[in-house]
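Chain and residue survey
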2 protein chains.
Amino acid sequence: MTVRMLVNGEPAEQISALDRGLAYGDGLFESIRLVGAVAPLWSRHMQRLGEGCERLRLPLPDAAQLWREALQATHDMPQSVLRITITRGVGERGYAAPATVRPTRVVAAFAPPRIAEEAHEFGVRVRLCDIRLAEQPLLAGIKHLNRLEQVMARAEWTDPAIAEGLLRDSHDRVISATMANLFALIDGVLLTPAVDRCGVAGVARAEVLSTCPQAKVGELSLDALLSATEVFLSSSVRGILPVQSVAGRLYEPGALTRQLQQHWRNLGFSMEQGG
Amino acid sequence: MTVRMLVNGEPAEQISALDRGLAYGDGLFESIRLVGAVAPLWSRHMQRLGEGCERLRLPLPDAAQLWREALQATHDMPQSVLRITITRGVGERGYAAPATVRPTRVVAAFAPPRIAEEAHEFGVRVRLCDIRLAEQPLLAGIKHLNRLEQVMARAEWTDPAIAEGLLRDSHDRVISATMANLFALIDGVLLTPAVDRCGVAGVARAEVLSTCPQAKVGELSLDALLSATEVFLSSSVRGILPVQSVAGRLYEPGALTRQLQQHWRNLGFSMEQGG
C-alpha cells in the first residue's frame, strides 16, 4: 500500500502513540474525492469538518492550509481519495482534554476504490445488517473517529457481490448504508433519513438535498423503503449508486437517479459515473 | 510528559498514521495499576481483554508476552499505571478489515494519578452529567477505543473539586461514572448497574462482585441511588472511592466501603487506600 501522507504539514507516516485519536477516537475525519487537482465538494467537506470541530470543541482547522496539503499529497494523481484526520492531539492519560490542545492533522492520499461500471449502470446489491445503530444525538451527523459500529456492520458479510449493508436504529428506522447515505423515491417524493440521532450527514447527501430542494428529510421504515420506486446511495467517494436490491426486493435505476448521476458528472466527477 | 512505551515489543513512541485504532477506534485498551512489579488484578484485565478481542474478532493477545512488556515498561517505577492498547493494525482505507490482520500492540507506563488522602477517607463529589450513554449491546461491557462519550462527559465540568460525573442512559438509568463503576448499598443490598447495553464491565467492579457474592447486578434509578446508605466508585486505577455527594445528596462512607478498601489493601494496593 503506497500512501502519500503529511502529518502536521510534514511528510511522515506515523503519529504519536499517545495521540487522543488513537486513545479515545477523539477527533474527526473527511474522505474527499479529487479529480486531478479539483475537489468538487471541497467546500461542503470543510463545512462539515468545521461543524464537527464545533461539536467536539476542537479548534477550527485552517481550510486554506488543508487545501495546500491536499494538493501536495495528491500531486500527479489523476484520481484520488484524500483522507483528512483531525484529532485533539497528544494528551495525558485520562478523558479530560489537555489544558492546551495542539490538534494532530493527517492528510493522506489514496488511490480511489475500483467501482465496476455495472454498479453505476445497474446498481448494487444491499443487505440488511443485524447491528442496530445506537442513538447519540451529541455525536450524530458528524464524521467522528468512533466507527466501531461501521466496522462491526461491515464484518457481517464477505460476499463480494454485496456492495453495502443497510443500517437501522433500534426502533427499526432505516438510517443509511455503512459508508453511504441512502435516498428513496416514495410516491414521487424523494426522502432521506434524518441523521440527528445516529448516522452521518454525508457531504454527497448535502449535495443531493441542495440539488433537489423538494426532497424531504425524515423517518424511513423498511416497509416504506421496500415500497420505493427508486433507491440510491450517495457517497462523496463513490458518487450516486443505484440500489439494485435490498433484502430480495429488486429496483431499477430511475429517472431521478440518472439525473443525479448526470449532476455528478457535471460537478466534474466525469470518469466514474456510468449509466 | 515522560512515558515509557513499547510498540509491538520495541521501544518506540509512534504508530502508523494508517492504524485502524486511529482511523476508526478499532481496538481495545486496559489501564492497569501496578505496585512495583506486581499487578494484583492482572488476570482480570487479561480476561476482559480476551473477551473484548472475541467480541471484536481480534486475535487473542499473548498474555505472557504482555506481562514481559509490562515489566519492561514499568521497570524501576514504585507505582505505575500501565496502558495496553490493542488495535486491528494498519489497514487500507475503508471499514472492511484487511485480509490478514496484524494487530498493533502499545504498552505504555504512566505515573499514577495523584489522589488526595481525603478522597479515600471522606469520599469524592460526583455531579450529574447531561450526556446520556447510547445503548449498543454489541459494544457494551468491553473497553474499546470508541470513547467520545466519555470525553464529552468529562468536558462538562472543570471544577477540580468535582472528581467524577454520573452517567445515565436515555431511559434515566444510572450506569457508571466517567472512569469508574458505581456501587450503591440500598436497603442492605449492594447493587451495581448492568453494563449489557452501555457502560464498561470494570475490572475493579468484577473484583468487588467476586468479593461480595451477595451483590446484585441490575437496574439503578437515580431515585434509588439517592436513597442509598453507601455509595462508592470502583476503579482499577483509583481503587475504592467513597462517594461524598451526588447532586446535592450527601453520603458518609460506610462499613461496607471500608471493608472493600481494606480488601484493596490486602490485594497489595497498600500505598493508596486511606480511610
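This write-up is about the structure you can find in this document. These figures come from a predicted structure and were not determined experimentally.

What about the interface of chain A and chain B?
Taken together, the contact pairs 60 residues of chain A with 61 residues of chain B. For the pair chain A and chain B, the summed buried area comes to about 4,800 Å², and 68% of that belongs to carbon and sulfur atoms. At the junction of chain A with chain B, the criterion picks out zero salt bridges. Between chain A and chain B we count 19 residue pairs in polar contact (both at pLDDT 80 or more) in total. Mapped onto the side of chain A that touches chain B, the elements with two or more residues apiece are strand S1 (4–7), strand S3 (14–16), helix H1 (20–24), strand S4 (27–35), strand S5 (79–87), strand S6 (104–110), strand S7 (124–133) and helix H5 (148–154) of chain A. Taken together, the residues of the side of chain A that touches chain B break down into 31 nonpolar, 13 polar and 16 charged. As judged from the three bridges shared by S3(A) and strand S3 (residues 14–16) of chain B, these two strands associate in the antiparallel manner. Across the sheet, residue Gln14(A) finds its bridge partner in S3(B), namely Ser16(B).

Observations regarding the sheet that holds S6(A)
All names here are of chain A. Strand order in the open sheet made by the five strands is S2-S1-S6-S5-S4, with antiparallel pairing throughout. Only two strands of the sheet have a single neighbouring strand rather than two, namely strand S2 (10–11) and S4. Summarising the sheet, S1 and S6 pair through four bridges and their orientation is antiparallel. Counted as the bridge partner of Arg4 is Ala109 from S6.

Quick look at the relation of the copies chain A and chain B
With an RMSD of 0.0 Å, the fit of chain A onto chain B corresponds to turning through 180 degrees and sliding 0.0 Å along the axis. Classification of the inter-copy transformation places it as that of a two-fold axis. Of all interface residues in chain A, 100% are interface residues in chain B too; the two copies therefore contact each other through one and the same surface.

Notes on unusual backbone geometry
All names here are of chain A. One non-glycine residue, Asp187, adopts positive backbone phi at about 50 degrees. Tracing the chain through its elements places Asp187 in the loop between strand S10 (181–186) and strand S11 (189–193). Note on Asp187: relative accessible area 75%, which makes it exposed.

Digging into the pairing of S10(A)
All names here are of chain A. Within S10, six of the six residues are buried, leaving the element largely enclosed by the surrounding structure. Residues Asn181, Phe183 and Leu185 line one face of S10 and the alternating positions Leu182, Ala184 and Ile186 line the opposite face, and both faces are buried. Pairing geometry for S10 and strand S13 (residues 230–235), over five bridges, is antiparallel. Residue pairing across strands places Ala184 opposite Val231, the latter belonging to S13. Bridge count between S10 and S11: three bridges; the pairing is antiparallel. Following the sheet pairing, Leu185 is matched in S11 by Leu190. Joining the antiparallel neighbours S10 and S11 is a turn of two residues, in which Asp187 adopts a positive phi near 50 degrees.

Observations regarding the environment of Ser210(B)
Residues and elements named next belong to chain B. Here Ser210 shows up in helix H6 (residues 203–211). Of the residues examined, Ser210 reaches a relative accessible area of 45% and is grouped as partly exposed. A polar contact of 3.3 Å, which involves the side chain of Ser210, links it to the side chain of Arg44.

What counts and what doesn't
Positions within a chain are numbered from 1, following the residues in the order the chain's sequence is written. Chain labels run from A onward and ligand labels from 1 onward, assigned in the order the entries are written. Per-residue local features are limited, in this predicted model, to residues with pLDDT of at least 70; the limit for side-chain atom pairs, both in listing and counting, is 80 or more; totals at the level of whole chains, interfaces and linings are taken over all residues. To obtain the side-chain values, all non-hydrogen atoms of the structure were included, while hydrogens and water were left out. It only takes one pair of heavy atoms within 4.5 Å for two residues to be counted as in contact. Two parts placed together each lose some accessible area under a 1.4 Å probe, and adding up what both lose gives the buried area. A pairing counts as a salt bridge when a side-chain nitrogen of Lys or Arg comes within 4 Å of a carboxyl oxygen of Asp or Glu. In protein, a polar contact means a hydrogen-donor-capable atom and an acceptor-capable atom, both N or O and within 3.5 Å, with residues adjacent in sequence counting only if both atoms are side-chain atoms; elsewhere, any N or O pair within 3.5 Å suffices. Elements are defined by DSSP. Helices are runs of H or I of four residues or more, strands are runs of E of two residues or more, and each kind is numbered from the N terminus. Any residue that is not Ala, Val, Leu, Ile, Met, Phe, Trp, Tyr, Cys, Pro, Asp, Glu, Lys or Arg is counted as polar, Gly included; the first ten are nonpolar and the last four charged. At least two bridges found by DSSP between two strands is the condition for calling them paired. Only residues with pLDDT of at least 70 in both copies contribute their C-alpha atoms to the least-squares superposition of the copies. When a residue's accessible area, from a 1.4 Å probe over protein chains only, is under 20% of the maximum for its type it is buried; when over 50% it is exposed; and in between it is partly exposed.

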